[in-house]
Amino acid sequence: MDFYVISPVSNLEPMKLGDRIFALAHLWVQFPEYREFIKARKEEGWFITLDNSAAERALVTEDILINICHELMPNEVIAPDVLFDVDVTIANAKNFRDRMESEGLLGKIEIFFCPQGKTKEDWLKAYMWAMFQDWIDVIGFSKIAVPNAWLEDYKDDQGIKEARHMAYDHLLAEGALVKPIHCLGQGSYTEFAYYTHPMMRSTDSVYPVLAAAHGIDFSKDSETRIPTPHNFLETFDMSGVNIELVKKNIQYLRLSCMDYA
């Protein structure tokens, strides 16, 4: 599996330690230095995923997302989704596909769909719908939506690995892993060695950086998951963080992704 590293705006350099670049729409809008960093990676030929920032509870409209697509021309864009709402998320994706076509972007930028739902049944409804849409190229396993739907005692930013393993096992048994899967966010870096199916494409996370900011060394603690503050990327000052520990944690994530068969 490939992986993307996400880092606070105060120091974006750790993002270059991943295999791909994950661009967050709300940061693109707010920070000129973030835009310049992402544009520079585009010029260097990096694969770029444009995220709609739904998981960050950011109010990024379809118009804003389309404008960024025109300016950046990422490799793929995550269609607007609404946390836990299967019907609105599907409707939004249909509208976004039509808008991409009318703007001359369909076929130039791939569309990434993130299933939502309050229950396992709703989440599977969204997933199976996306599986049969030929214009949806990639499907996301959200670190919020999957645990909320698959676990009975869901708590914020907990049980991510366990819930996604449950979803993966179910879809594998049903023969439903037919499009590339991206795991949005991370609980434990040990999650990814479990996946053996070639459609498990990639993952992204800020957690190797957040953990280092709290002094957590993945070589000593692989399971503690501190919930990510919603303003962490915008406001956290990286100047006091041990960058060598960040690099070490990222290397443990890399090794876990490499263990994937």
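This one's a predicted model, so the numbers in the text were calculated from it and none came from an experiment.

Draft legend 1. Local environment of the packing of aromatic side chains. As enumerated under the stated definition, the model contains 14 aromatic pairs in all. Taken together, the ring pairs connect Trp123, Tyr127, Phe141 and Trp150 into an aromatic cluster. The ring of Phe47 has Arg20 lying over it, and the distance from NZ or CZ to the ring centre is 4.3 Å. Across from the ring centre of Phe37, 4.6 Å away, lies the NZ or CZ of Arg41, which sits over that ring.

Draft legend 2. Quick look at the side chain of Thr89. On the secondary structure map, Thr89 appears in helix α4 (residues 86-102). Setting aside its immediate chain neighbours within four residues, Thr89 contacts Pro80, Asp81, Val82, Phe113, Cys114 and Gln116.

Draft legend 3. Focus on the environment of Pro180. For Pro180, the location among the structural elements is in the loop between α7 (160-173) and β7 (181-184). A relative accessible area of 26% means that Pro180 is categorised as partly exposed. Each residue touching Pro180, except ones within four places of it in the same chain, is listed here: Asp137, Val138, Ile139, Met199 and Arg201.

Draft legend 4. Expanded view of the nonpolar core. Membership of the largest hydrophobic core comes to 88 residues, with the highest contact counts inside it found for Tyr34, Ile38, Trp123, Tyr127, Phe141 and Met200. Broken down by element, this core gets its largest block of residues, seven residues, from helix α5 (residues 120-131). If we skip the residues at most four places from it in the chain, Tyr127 touches Pro115, Ile139, Phe141, Leu171, Ala176, Leu177 and Ile181.

Draft legend 5. Layout of helix α10 (residues 243-259). Taking 1.5 Å per residue as the helical rise, α10 with its 17 residues ought to reach 24 Å, and the 25 Å between its terminal C-alpha atoms agrees with that figure. All buried positions along α10 are accounted for by Leu245, Val246, Asn249, Ile250, Leu253, Ser256 and Cys257. All buried residues of α10 lie within an arc of 140 degrees about the axis, which places them on one face of the element. Turned more than 90 degrees off the buried face of α10, the exposed positions are Glu244, Met258 and Asp259.

Rules used in this analysis
- Residues numbered from 1 in each chain as written.
- Predicted model: local features only at pLDDT ≥ 70, side-chain atom pairs only at ≥ 80, totals over all residues.
- Heavy atoms only, no water.
- Phe/Tyr/Trp six-rings, centres within 6.5 Å; stacked < 30°, edge-to-face > 60°.
- Lys NZ or Arg CZ within 6 Å of the ring centre and 35° of its normal.
- Helix = DSSP H or I, 4+ residues; strand = E, 2+ residues; numbered from the N terminus.
- Contact = heavy atoms within 4.5 Å.
- Buried < 20%, exposed > 50% of the residue type's maximum accessible area, 1.4 Å probe, protein only.
- Core = buried A, V, L, I, M, F, W, Y, C linked by side-chain atoms within 4.5 Å.
- Expected span 1.5 Å × (residues − 1).
- Arc of directions from axis to C-beta.

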